[in-house]
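Single-letter residue listing:
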Amino acid sequence: MKILVCITHVPDTTSKISFTDNNTKFDSSGVQYIIGPYDDYALARAVELKESNGATVTVLNVGTSETEPTIRKALAIGADDAIRVDAFPENGHFVAEQIAHIAKENNYDLILMGRESIDYNGGAVHGMVGEMLGLPSLSPVMTLDIEGNTAKMAREIEGGKEYVEVDLPFVAGCQEPIAEWKIPNMRGIMTARTKPLNVVEAVDTTEKTELKNYELPPEKGDCKMIDPDNVEELVDLLKNEAKVL
Amino acid sequence: MSSILVFAESTDGKFKKTSREAVSYAAELGGDVTAVAFGDIEQSELESLGNNGAGKVLHAGDDKLNQGVIQAYASALAQAVEQTGAEIVVFSKSSLGDAVAARLAAKIGAALASNVVSLPDTSNGFVVKRSIYTNKAFVNVDMKEGKKIIAVKKNAVGIKEDGGSATVESFSPDLGDTDFAVKITKTEKAEGDVLLPEADIVVSGGRGLKGPENWDMVEELASELGAATGCSKPVSDMGWRPHHEHVGQTGVKVAPSLYIAIGISGAIQHLAGVNASKVLVAINKDPEAPFFKAADYGIVGDAFEVVPKLIDAVKASND
Ligand SMILES: Cc1cc2nc3c(=O)[nH]c(=O)nc-3n(C[C@H](O)[C@H](O)[C@H](O)COP(=O)(O)OP(=O)(O)OC[C@H]3O[C@@H](n4cnc5c(N)ncnc54)[C@H](O)[C@@H]3O)c2cc1C
Ligand SMILES: Cc1cc2nc3c(=O)[nH]c(=O)nc-3n(C[C@H](O)[C@H](O)[C@H](O)COP(=O)(O)OP(=O)(O)OC[C@H]3O[C@@H](n4cnc5c(N)ncnc54)[C@H](O)[C@@H]3O)c2cc1C
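How each quantity is defined
- Residues numbered from 1 in each chain as written.
- Chains lettered and ligands numbered in written order.
- Predicted model: local features only at pLDDT ≥ 70, side-chain atom pairs only at ≥ 80, totals over all residues.
- Heavy atoms only, no water.
- UniProt positions renumbered as here; feature names shortened; annotations may be inferred.
- Near = heavy atom within 4 Å.
- Polar contact = N/O pair within 3.5 Å; in protein donor to acceptor, adjacent residues only side chain to side chain.
- Areas by Shrake-Rupley, 256 points an atom, 1.4 Å probe, with all protein chains shown as cover.
- Nonpolar A, V, L, I, M, F, W, Y, C, P; charged D, E, K, R; others polar.
- Helix = DSSP H or I, 4+ residues; strand = E, 2+ residues; numbered from the N terminus.
- Buried < 20%, exposed > 50% of the residue type's maximum accessible area, 1.4 Å probe, protein only.
- Pairing = 2+ DSSP bridges.
- Domains from an automatic or database assignment.
- Contact = heavy atoms within 4.5 Å.
- Buried area = accessible area lost by both parts, 1.4 Å probe.
- Axes fitted to C-alpha atoms, helices over the stretch in contact; angles between N-to-C directions.

- Looking at an unreviewed UniProt entry, chain B carries the name Electron transfer flavoprotein subunit alpha/FixB family protein, with the source organism given as Mangrovivirga halotolerans.

- If you look chain A up in an unreviewed UniProt entry, it shows as Electron transfer flavoprotein subunit beta from Mangrovivirga halotolerans.
- UniProt, in the comment section headed Sequence similarities (unreviewed entry), describes chain A in these words: "Belongs to the ETF beta-subunit/FixA family."

What follows is the structure in structure tokens.
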């Protein structure tokens, strides 16, 4: 089985988000980058499937050379090789075109992604890639088991879940509790250095959206403290001041 | 007038609140609004989308379309786009909406913007504001391509009600086996009356509540407020509460009018999932808990003393 896992290189979840150049550029100074948390779940499940069912795991990132440490981390976690499409991931559509192009050349049995990126929160790349390849796409997938040529999954629906079956190949956007995040061990880190990381050029696409500028939400006011012996005041404030009750 | 299509999601034959938001948004855009609805839904419910601004409802009532068949919905919507000549398709952002919108965008070659919180500014292009970095920022994007798909963020637009009624037309899209490649074998619905992603009030508990046996008071407070219950990630990781209640960066993102956090420290990843709420209340015994920096109202105290008192106070005010 050949598994492709698509990973994003995103600011750590504790990062302070700010912008420069007149609010047109993300300010990356002091920001730590990580594998997107949802993508990390997808990767962890792929590595488990490799161990249980036998598979090769390829990680793919569309990004500039800055993302290589993040890709190496995925290799340390257990992927066998990696592909970096050398381009700035301008938007979900651009990224999907790149992934679909690579997938067409390599015939993967399973393409795993995160349910959404934590920078742009599009939740769209898996669906687009599925459509571009003419394959089923599912998201958000909470459990995934493979027997022979068939996958059994639980998909989250609002307020519950749905159990589904589909034949390989297909595309899935993953979320917990599909697997537990894996921390690379020393051996993994050592072997990751020599695993293949192929850099390929991007294919041309038509631009469908253009970024204008960023905005930050308005500053939050102070928190009004209420005496724990006077919780009636809270109910009164919620009713008459905030008007939410 | 331009033609606008709306994907009107329903569960158990009822339109979701967010579908009414999407229809209202489409009506604000100004054009002929046609909603597309799938599965078993009664005539009066279909017509009721007129109240939110739909002129027409295309109803694909086939039983096979009752459940979230992503590919079939995308194929059907592409046919509806063709049939109505729609230039814009509006979705509400949800796990199903995302999945369908993405396929439709690729199918019809449309520009896609998701998590949209504003009407477009058409003074120079077609610029919409999107929420990004899990509610920590916004970006303004110009949607260039002819056809456009907009997925509206929950609670970002008001529901309009003008007493109208929509005409209902039956719609029989041409669907094949590949549209039903994914077989849905079973559906499990969570218990409780109020669904977390749609709730107007959420009462949420964290590790400070010590164990699952202490959730009775959380549920009682929620029931007095007509609220849904949520929790922090460790609480669902430890199995104290089901996964679909996990709120935050890696869980459900909520945007209720009121979010009450009990015994939750206020880690940045938790806040990312709640800071689109209108009013945040924190109850925590530690005055230094980071949640107080994000909250509008706070009580420093032991949850096991404060919450029962709060339940009484809410009961008293409900009477
Ligand atoms: C400075 C800056 C400017 C940007 N400008 C724009 C813009 O104008 N418009 C816009 O829509 N986005 C923009 N992006 C976002 C960027 O394109 C996204 O991070 C991502 O590549 C696609 O966004 P998404 O949220 O739709 O992905 P989603 O659909 O949420 O991603 C789902 C899954 O797809 C996979 N995936 C997504 N991106 C990649 C990738 N690059 N490589 C490999 N797998 C991936 C992952 O598995 C991910 O979990 C910008 C990002 C930055 C940092
Ligand atoms: C990549 C990543 C993603 C994450 N995603 C999420 C996410 O989506 N959602 C999420 O919630 N977390 C997420 N986390 C975890 C997050 O960092 C925190 O660890 C978590 O939110 C803490 O949960 P908590 O507040 O319930 O527990 P704690 O941090 O242990 O806080 C418990 C709080 O309860 C208070 N308390 C204790 N006893 C009482 C009492 N008797 N009465 C009142 N208060 C009391 C304490 O003062 C404390 O503030 C993520 C972490 C990472 C690294």
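**Comments concerning the site of ligand 1**
Then step 1. Around ligand 1 there are 29 residues in total, and Asp39(A), Pro89(A), Glu90(A), Ser117(A) and Ala124(A) lie nearest to it.
Then step 2. The local environment of ligand 1 is shared, drawing residues from chains A and B.
Then step 3. Residue Val125(A) places a main-chain N or O atom 2.7 Å away from an oxygen atom belonging to ligand 1.
Then step 4. Compared with its free state, where it exposes 920 Å², ligand 1 has 91% of that area covered by protein.
Then step 5. Tallied by class, the residues present in the shell around ligand 1 amount to 14 nonpolar, ten polar and five charged.

**Some remarks on the UniProt feature "domain: Electron transfer flavoprotein alpha/beta-subunit N-terminal" (unreviewed entry) in chain B**
Then step 1. Per the UniProt record, "domain: Electron transfer flavoprotein alpha/beta-subunit N-terminal" (unreviewed entry) is annotated on residues 4-184 of chain B.
Then step 2. Between the C-alpha atoms that bound residues 4-184 of chain B the distance is 30 Å, and the span itself is 26% helix and 31% strand.

**Thoughts on the site of ligand 2**
Then step 1. Around ligand 2, the surrounding shell holds 28 residues, and the nearest of these are Arg207(B), Ser232(B), Ser265(B), Gln269(B) and Asn284(B).
Then step 2. Neighbouring residues of ligand 2 are not confined to one chain but are distributed across chains A and B.
Then step 3. Separating an oxygen atom of ligand 2 from a backbone N or O atom of Lys233(B) is a distance of 2.9 Å.
Then step 4. Interatomic distance of 2.8 Å between a side-chain N/O atom of Thr250(B) and a nitrogen atom of ligand 2.
Then step 5. A total of 990 Å² of accessible area belongs to ligand 2 in isolation, and the protein chains cover 81% of it.
Then step 6. Of all elements in the fold, only helix H6 (233-237), helix H7 (268-272) and helix H9 (303-318) of chain B reach the threshold of two or more residues within the shell around ligand 2.
Then step 7. In terms of residue class, the shell around ligand 2 is built from seven nonpolar, 15 polar and six charged.

**Quick notes on the pairing of strand E11 (residues 160-167) of chain A**
All names here are of chain A.
Then step 1. Burial along E11 is one-sided: the residues Gly160, Glu162, Val164 and Val166 are buried and none of Lys161, Tyr163, Glu165 and Asp167 is.
Then step 2. Where strand E10 (residues 150-157) and E11 come together, eight bridges link them in antiparallel fashion. Residue pairing for E11: threonine 150 is matched across the bridge by aspartate 167.
Then step 3. What sits between E10 and E11 in their antiparallel hairpin is a turn of two residues, with glycine 159 showing a positive phi close to 75 degrees.

**A look at the domain arrangement of chain B**
Residue and element names in this part refer to chain B.
Then step 1. As far as domains go, chain B holds domain 1 (3-180) and domain 2 (196-318).
Then step 2. The straight-line distance from the C-alpha centre of domain 1 to that of domain 2 is 32 Å.
Then step 3. Contact with domain 1, which involves nine residues of that partner, is made by ten residues of domain 2.
Then step 4. When the two sides are added together, the surface that domain 1 and domain 2 hide from each other amounts to roughly 860 Å², 44% of it contributed by carbon and sulfur.

**Section: the sheet that holds strand E15 (residues 224-226) of chain A**
Then step 1. Ordered by their spatial adjacency, six strands build an open sheet running E15(A)-E17(B)-E16(B)-E15(B)-E13(B)-E14(B), and the pairing between neighbours is parallel. Unpaired on one side and paired on the other, E15 of chain A together with strand E14 (228-231) of chain B mark the two borders of the sheet. Across the sheet, the mean angle separating the axes of adjacent strands is 20 degrees when strand polarity is ignored.
Then step 2. This element, helix H6 (residues 231-241) of chain A, spans E15 of chain A together with strand E15 (258-262), strand E16 (279-284) and strand E17 (297-300) of chain B of the sheet and lies at about 175 degrees to E17(B).

**Some details on the UniProt feature "domain: Electron transfer flavoprotein alpha/beta-subunit N-terminal" (unreviewed entry) in chain A**
Then step 1. Within this numbering scheme, the UniProt entry marks residues 23-209 of chain A as carrying the feature "domain: Electron transfer flavoprotein alpha/beta-subunit N-terminal" (unreviewed entry).
Then step 2. What you have in residues 23-209 of chain A is 31% helix and 33% strand, and the ends, taken at the C-alpha atoms, are 18 Å apart.

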